[in-house]
Amino acid sequence: MSETEQLRIDGQRLWDSIMAMGEIGPGQQGGSCRLALTDEDRDGRDLFIRWCEEIGCRISIDDMGNIFARRDGRDNELSPIVAGSHLDTQPHGGKFDGIYGVLAALEVLRTLHDNDVVTKAPVEVVMWTNEEGSRFAPAMIASGVYAGLFEKDYAWSITDSEGNSLGDELKRIGYMGEMPCGQNPIGALFEAHIEQGPILEAANHQIGVVTGGQGQHWYDVRLKGQDSHAGSTPMSCRRDALVAAAEIITMVQTLALKFAPHAVSTVGEMSVLPNSRNTIPGEVFFSIDIRNPYAEVLAKMAAQLATSIAAIVERHGDECEFKEIWDKPPVHFDLDCIAAVEHAAVRLGYSHQHIVSGAGHDACQVCLVAPTSMIFVPCAGGLSHNEQESAEPEDLEAGCNVLLHAMLALANKNGA
Ligand code: HGY
Ligand code: MN
Ligand code: MN
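Residues numbered from 1 in each chain as written. Chains lettered and ligands numbered in written order. Predicted model: local features only at pLDDT ≥ 70, side-chain atom pairs only at ≥ 80, totals over all residues. Heavy atoms only, no water.

**Structural notes on the coordination of the manganese ion (ligand 3)**
Phase 1 of the analysis: Ligation of the manganese ion (ligand 3) by protein atoms is provided by Asp97 (OD), Glu132 (OE), Glu132 (OE) and His385 (NE2), these donors lying 2.2 to 2.6 Å from the ion.
Phase 2 of the analysis: Read from N- to C-terminus, the donor residues coordinating the manganese ion (ligand 3) fall into the pattern D-x34-E-x252-H.
Phase 3 of the analysis: Separating the manganese ion (ligand 3) from the manganese ion (ligand 2) is a distance of 3.5 Å, and Asp97 supplies a donor atom to each of them. Of this pair, Asp97 sits in the loop between strand E3 (81–86) and helix H3 (99–114) while His385 sits in the loop between strand E16 (372–377) and helix H12 (393–411), placing them 288 residues apart in sequence.
Phase 4 of the analysis: On the basis of relative accessible area, Asp97 is assigned to the buried category, the value being 5%. (Donors = N, O, S within 2.8 Å, 3.2 Å for Na, K, Ca; no water. Helix = DSSP H or I, 4+ residues; strand = E, 2+ residues; numbered from the N terminus. Buried < 20%, exposed > 50% of the residue type's maximum accessible area, 1.4 Å probe, protein only.)

See below:
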């Protein structure tokens with residue numbers, strides 16, 4: 001067995017780094033709250049950069065705030081083999097979603113550094129800005145700019161619920177870099193991630209060899225009725241925007257059940273104006289997220305959603321702004337990258353299976369411009385986007401060893 005084949009990562013160091021990152025922007029119930037481009041996100045980025053510089057990585061930051069930490073290879077003309085994910089979280093996020101992928105990639109470079117292993121192609125860790133899309137929608141915006149899916153000016157112009165723009169917040173936290181986003185090449189990208197679903201745990205597999213990701217459409221809906229007195233307005237005279245919204249929200253759930261077993265749909269964000277218990281709501285805003293692994297079925301869901309909303313709004317007589325803000329088709333990952341992950345899992349003796357990602361990831365954007373695949377590990381109860389999110393240290397270690405050997409396979413490939 002060659003010197004590099006014997007290499008294994010340090011699982012305790014990986015776990016300790018994940019726990020240390022979790023100290024930054026702690027949630028109320030043991031999870032994390034580091035919304036994109038907040039001070040907490042900045043502090044997490046600063047810590048990540050400090051760790052990368054401790055092992056001699058060269059740091060580049062692009063003008064979407066994406067961070068690349070590079071370990072040179074023997075032939076630096078070759079495009080780097082890159083691994084990473086995101087450090088921003090949901091408002092009630094867990095300690096592992098995204099963070100595992102960034103710190104597993106860092107642990108790979110720490111292991112190469114400890115063992116003085118210099119790969120043929122350079123290797124890099126990447127941290128993508130605003131993967132979650134919770135503060136600034138849509139999600140995966142910075143990896144989307146890198147992949148040429150979004151214009152930078154559009155991305156910089158996106159505002160949060162308080163009117164702060166993504167571009168201004170990037171500048172405010174000091175992470176609008178010089179390098180134009182998308183300029184630096186990626187030879188291949190791997191992303192390690194918790195599955196965020198129940199499949200691996202139910203099948204008792206340690207590794208998910210991810211073959212692609214499902215498609216998703218995101219919408220903004222604003223309904224306008226009429227504010228009026230809750231006591232003196234007869235029921236026949238009301239234009240209650242919340243009643244129309246309630247009917248739409250029930251229909252959104254029915255739509256997914258109609259396209260079972262693969263379809264999912266969610267209304268996750270909502271605001272009611274004037275939000276006073278004795279005033280009939282005259283205005284309601286809410287989000288809609290629909291997903292399916294099959295493009296043609298997702299298109300049918302989207303068409304039926306629009307038709308049903310129009311009919312409900314018509315019946316209630318409200319004004320309606322219904323805007324699609326994101327159309328993300330399903331993706332298939334690169335066969336060589338999938339094979340590198342699978343060969344590593346087999347050689348390391350980890351139980352594994354193929355799986356399609358239900359969640360969106362930066363890898364689902366970058367795969368359009370660079371060979372890409374992902375490595376999943378189970379999480380307890382399949383729970384994620386929840387402060388109770390958790391994963392077993394030995395599974396996280398297994399996934400990181402697979403990442404190490406998948407990266408080595410590509411970084412040392414003849415002619416790589
Ligand atoms: O929405 C997603 O699937 C991801 O967590 N941003
Ligand atoms: Mn994630
Ligand atoms: Mn997430």
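Still more to cover.
**Things to note about the coordination of the manganese ion (ligand 2)**
For a metal bound by four donors in a tetrahedral arrangement, the ideal donor-metal-donor angle is 109.5 degrees, while six donors in an octahedral arrangement ideally sit at 90 or 180 degrees.
Phase 1 of the analysis: Distances from the manganese ion (ligand 2) to its protein donors, His86 (NE2), Asp97 (OD) and His193 (NE2), fall at 2.1 to 2.3 Å.
Phase 2 of the analysis: Between consecutive donor residues of the manganese ion (ligand 2), the sequence gaps follow H-x10-D-x95-H.
Phase 3 of the analysis: When its relative accessible area of 1% is taken as the criterion, His193 is described as buried.

**Let's talk about helix H9 (residues 295–316)**
Phase 1 of the analysis: Taking 1.5 Å per residue, 22 residues should reach 32 Å; H9 reaches 32 Å between its end C-alpha atoms and fits that length.
Phase 2 of the analysis: Along H9, the residues that are buried comprise Val297, Leu298, Met301, Ala302, Leu305, Ile309, Ile312 and Val313. Taken down its axis, H9 places every buried residue within 140 degrees of arc, on the same side. Turned more than 90 degrees from where H9 packs its buried face, Glu296, Thr307, Glu314 and Arg315 sit exposed. (Expected span 1.5 Å × (residues − 1). Arc of directions from axis to C-beta.)

**Some details on the site of ligand 1**
Phase 1 of the analysis: Taken together, the residues surrounding ligand 1 are Glu131, Glu132, Ala139, Arg291, Ala359, Gly360 and His385.
Phase 2 of the analysis: With respect to ligand 1, the side chain of Glu131 contributes an N or O atom lying 3.1 Å from a nitrogen atom.
Phase 3 of the analysis: In isolation ligand 1 exposes 220 Å². Once the protein is present, 94% of that is buried.
Phase 4 of the analysis: Its residues assigned to classes, the shell around ligand 1 shows 2 nonpolar, 2 polar and 3 charged. (Near = heavy atom within 4 Å. Polar contact = N/O pair within 3.5 Å; in protein donor to acceptor, adjacent residues only side chain to side chain. Areas by Shrake-Rupley, 256 points an atom, 1.4 Å probe, with all protein chains shown as cover. Nonpolar A, V, L, I, M, F, W, Y, C, P; charged D, E, K, R; others polar.)

**Quick look at the packing of aromatic side chains**
Phase 1 of the analysis: The full count for this structure, using the stated rule, is 6 aromatic pairs.
Phase 2 of the analysis: When the centroid spacing of 5.8 Å and the interplanar angle of 40 degrees are considered together, the rings of Phe150 and Tyr154 count as tilted.
Phase 3 of the analysis: Using a relative accessible area of 12% as the deciding quantity, one classes Phe150 as buried.
Phase 4 of the analysis: With a relative accessible area of 35%, Tyr154 lands in the partly exposed category.
Phase 5 of the analysis: Both rings, one in Trp218 and one in Trp326, keep their centres 5.0 Å apart while their planes meet at 90 degrees; by these two values the pair is edge-to-face. Here Trp218 is found in strand E7 (residues 215–224), whereas its partner Trp326 is found in strand E13 (residues 319–328), with 108 residues between them in sequence.
Phase 6 of the analysis: The buried category is assigned to Trp218, whose relative accessible area is 13%. (Phe/Tyr/Trp six-rings, centres within 6.5 Å; stacked < 30°, edge-to-face > 60°.)

**Regarding a negative patch on the surface**
Phase 1 of the analysis: A contiguous patch of negative charge on the surface is contributed by Asp10, Asp16, Glu201, Glu392, Glu394 and Glu397.
Phase 2 of the analysis: Note on placement: Glu392 falls in the loop between E16 and H12.
Phase 3 of the analysis: According to the relative accessible area criterion, Glu392 is partly exposed, its value standing at 42%. (Patch = residues over 30% accessible without salt bridge, like charges linked within 9 Å, V, L, I, M, F, W, Y side chains within 5 Å. Salt bridge = Lys/Arg side-chain N within 4 Å of Asp/Glu carboxyl O. Lys, Arg positive; Asp, Glu negative; His and termini not counted. Charge placed at Lys NZ, Arg CZ, Asp CG, Glu CD.)

**Concerning the packing of helix H2 (residues 39–54) against H3**
Phase 1 of the analysis: Contact pair H2 / H3: the axes reach a minimum separation of 10 Å and the direction vectors enclose 15 degrees. What the angle tells us is that H2 and H3 run roughly parallel. Pair H2 / H3 crosses with left-handed handedness. Across the interface between the two elements, Phe48, Trp51 and Cys52 from H2 touch Val102, Leu103, Leu106 and Arg110 from H3.
Phase 2 of the analysis: Among the residues making up the contact of H2 with H3, the classes are represented as 6 nonpolar, no polar and 1 charged. (Axes fitted to C-alpha atoms, helices over the stretch in contact; angles between N-to-C directions. Parallel < 35°, antiparallel > 145°, perpendicular 65-115°, else oblique. Left-handed = near helix turned anticlockwise from the far one by under 90°. Contact = heavy atoms within 4.5 Å.)

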